[in-house]
Amino acid sequence: MREVQKPLYHKTKKLFLIANWKSYKTLLLSIKWLQVFTSLELTIKTDEKEVILCVPSLFLSDMKRFIDDNNLPIKLGIQNLSRYGEGAYTGEIHAKQASEFVQYAILGHSERRRYFHETDEDVIEKVQRALEFMIRPILCVSDMKQLDYYLSIGSVIADNADEIIFVYEPPGAISGGGDFHPETPSVANEQAGEIGKKIGQPIVTLYGGSINAENAQSFFSMEHISGGLIGQASLNANSFTQIIESS
Ligand code: PGA
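Attention here is on the structure that accompanies the text. Computed from a predicted model, the values in this text were never measured in an experiment. (Residues numbered from 1 in each chain as written. Predicted model: local features only at pLDDT ≥ 70, side-chain atom pairs only at ≥ 80, totals over all residues. Heavy atoms only, no water.)

1. Observations concerning the overall build of the protein chain
Rules: Starting at the N terminus, helices and strands are each numbered in turn, a helix being any DSSP run of H or I of at least four residues and a strand any DSSP run of E of at least two. Both definitions apply: the radius of gyration is a C-alpha atom measure, and the globule rule equals 2.2 Å times residues to the power 0.38. Only heavy atoms enter the contact rule, under which two residues are in contact if any of them lie within 4.5 Å. Only the protein chains shown count as cover for residues, and the accessible areas themselves come from Shrake-Rupley with a 1.4 Å probe. Working convention for charge: Lys and Arg count positive, Asp and Glu count negative, and His plus the chain ends are omitted. By convention, the charge on Lys lies at NZ, on Arg at CZ, on Asp at CG and on Glu at CD.
Scanning the protein chain from N- to C-terminus turns up 10 helices and eight strands. In terms of overall size, the protein chain behaves like a compact globule, its C-alpha atoms giving a radius of gyration of 17 Å where 247 residues would be expected to give roughly 18 Å. Projected onto the principal axes, the alpha-carbon positions of the protein chain cover approximately 60 × 45 × 35 Å. Across the protein chain, the fraction of contacts at a sequence separation of at least 24, relative to all contacts at a separation of at least 6, is 76%. When the accessible area of the protein chain is evaluated, it comes to approximately 12100 Å², of which 50% is carbon and sulfur surface. Positive and negative side-chain charges in the protein chain, numbering 24 and 31 respectively, have mean positions lying 1 Å apart.

Right, here's the structure in full:
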């Protein structure tokens, strides 16, 4: 007897190419990146590809001006958000402030957990804050145990799954600014599919970890992977452009 096909909880057709600049660059270098990107005169069909730059918060205002003035097909994202709203929280940027500049926020990145002791509960609060101000969360998932825990804390993720961009990003695959050592595309695809099954409805799932111009296509052609979160290879406008073009 033929096995009954399980429903496929998979991606939309649109590809999301998300640069994570982490704590790199100065304002001058950020604008230079945009100048190089502009000079490459890339044609991006925005209904097929969403290009998002998640840059250091200090540069958002100037970068937004440059992008608007030059009509570039680029959206901006922030790399973190406060779990609180407006108030006496020294050094924090809350969602309402960020929403003046960005449409996306990377939340729950493993580097924030590792170096800043961010907890799952913090991440869920941040997802909630982002959604309140129409910022689309780019939610990093290190493994299935973490996703199970997220889902057990409350219903924020399940209730808003269609607004969230899920990224399967195993910490061991992140380049950390050094060599590239990605997950294999088939394992990444399997895990991305697993996220979809656990959520139980159509979602957008990406892969992150050591993506570069050489391997990008092998991930993006996978059934459950709708793009990538790209660190090291996004710092150079030429190599990021190659990734956009190759996908
Ligand atoms: P990487 O970083 O592409 O340099 O591995 C990805 C990330 O940490 O989001």
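There's more to say after this.
2. Points about the pairing of strand 6 (residues 165-168)
Definition in use: Three exposure classes are used, based on accessible area relative to the maximum for each residue type with a 1.4 Å probe and protein chains only: buried under 20%, partly exposed in between, and exposed over 50%. For two strands to pair, DSSP has to find at least two bridges joining them.
Burial along strand 6 is two-sided: Ile165 and Val167 facing one way and Phe166 and Tyr168 facing the other are all buried. By the bridge criterion, four bridges tie strand 5 (residues 136-141) to strand 6 in an arrangement that is parallel. Residue pairing across strands places Cys140 opposite Val167, the latter belonging to strand 6. Pairing geometry for strand 6 and strand 7 (residues 204-208), over four bridges, is parallel. The residue bridging Ile165 from the neighbouring strand is Val204, located in strand 7.

3. Considering unusual backbone geometry
Phi is positive for Met134, which is not a glycine, with a value near 60°. The residue Met134 is located in the loop between helix 5 (120-132) and strand 5 in this model. Of note, the phi angle at Ser210 is positive, near 60°, even though the residue is not glycine. Secondary-structure assignment places Ser210 in the loop between strand 7 and helix 9 (216-220). By relative accessible area, which is 5% here, Ser210 ends up buried.

4. What to know about the site of the ligand
Formally: Near is defined per residue: the residue qualifies when any heavy atom it owns lies within 4 Å of the molecule or strand. Definition of a polar contact: a pair of N or O atoms within 3.5 Å, with one able to donate and the other able to accept a hydrogen when the atoms are protein atoms, and with sequence-neighbouring residues admitted only if both atoms are side-chain atoms. Each residue gets one of three labels, nonpolar for Ala, Val, Leu, Ile, Met, Phe, Trp, Tyr, Cys and Pro, charged for Asp, Glu, Lys and Arg, and polar for the others, Gly among them.
Close to the ligand lie Asn20, Lys22, His109, Glu169, Ile174, Ser175, Gly209, Ser210, Leu229, Ile230, Gly231 and Gln232. Ser175 has a polar side-chain atom sitting 2.5 Å from an oxygen atom of the ligand. Contact with the protein chains covers 99% of the free accessible surface of the ligand, which is 280 Å². Grouping the constituent residues of the shell around the ligand by class yields three nonpolar, seven polar and two charged.

5. Here's the deal with the nonpolar core
Stated precisely, the cut-off is as follows: As used here, the term nonpolar core means buried Ala, Val, Leu, Ile, Met, Phe, Trp, Tyr and Cys residues forming a set that is joined through side-chain atoms within 4.5 Å.
Leu34, Leu53 and Phe166 are the most contacted members of the largest nonpolar core, which totals 64 residues. At five residues, helix 5 tops the list of elements feeding residues into this core. Apart from residues no more than four positions distant in its own chain, Phe166 is found in contact with Leu139, Val141, Leu147, Ile157, Ala161, Ile195, Ile199, Ile203, Val204, Thr205 and Leu206. In this structure, Phe16, Ile52, Cys54 and Val167 belong to the second largest nonpolar core, which totals 13 residues.

6. Side note on the sheet that holds strand 3 (residues 75-78)
As a reminder, the rule being used: Angles shown run from 0 to 180 degrees and are taken between the N-to-C directions of axes, each axis being a line fitted to C-alpha atoms and, for helices, limited to the stretch in contact.
The strand order 1-2-3-4-5-6-7-8 describes a closed barrel built from eight strands, whose pairing is parallel. Taken over all neighbouring pairs, the strand axes of this sheet differ in orientation by 25° on average, direction set aside. The pairing of strand 1 (residues 15-20) with strand 8 (residues 227-230) spans four bridges and is parallel. Paired with Leu17 across the two strands is Gly228, which belongs to strand 8. Across the sheet, helix 6 (residues 144-153) lies against strand 5 and strand 6, angled at about 135° from strand 5, the strand it touches most.

7. A look at the side chain of Arg129
The residue Arg129 is located in helix 5 in this model. Side chain to side chain, Arg129 and Glu132 meet in a polar contact 3.2 Å long. If we ignore the near neighbours within four places in the chain, the residues touching Arg129 are Ser82, Arg83, Tyr84, Gly85 and Ala95.

8. Regarding the packing of helix 1 (residues 27-39) against helix 10 (residues 237-246)
We apply this condition: Here the angle decides the label: under 35 degrees means roughly parallel, over 145 means roughly antiparallel, 65 to 115 means roughly perpendicular, and every other value means oblique. Helix crossings get a hand from a simple test, with the near helix turned counterclockwise from the far one by less than a right angle marking a left-handed crossing and a clockwise turn marking a right-handed one.
Taken N-terminus to C-terminus, the directions of helix 1 and helix 10 make an angle of 45°; their axes are 9 Å apart at the nearest point. With respect to their mutual orientation, helix 1 and helix 10 come out oblique. Like other packed secondary-structure pairs, helix 1 and helix 10 cross with a definite hand, here right-handed. Here Trp33, Val36 and Phe37 of helix 1 come into contact with helix 10, specifically with Ala237, Asn238, Phe240, Thr241 and Ile244. The residue makeup of the contact of helix 1 with helix 10, split by class, is six nonpolar, two polar and no charged.

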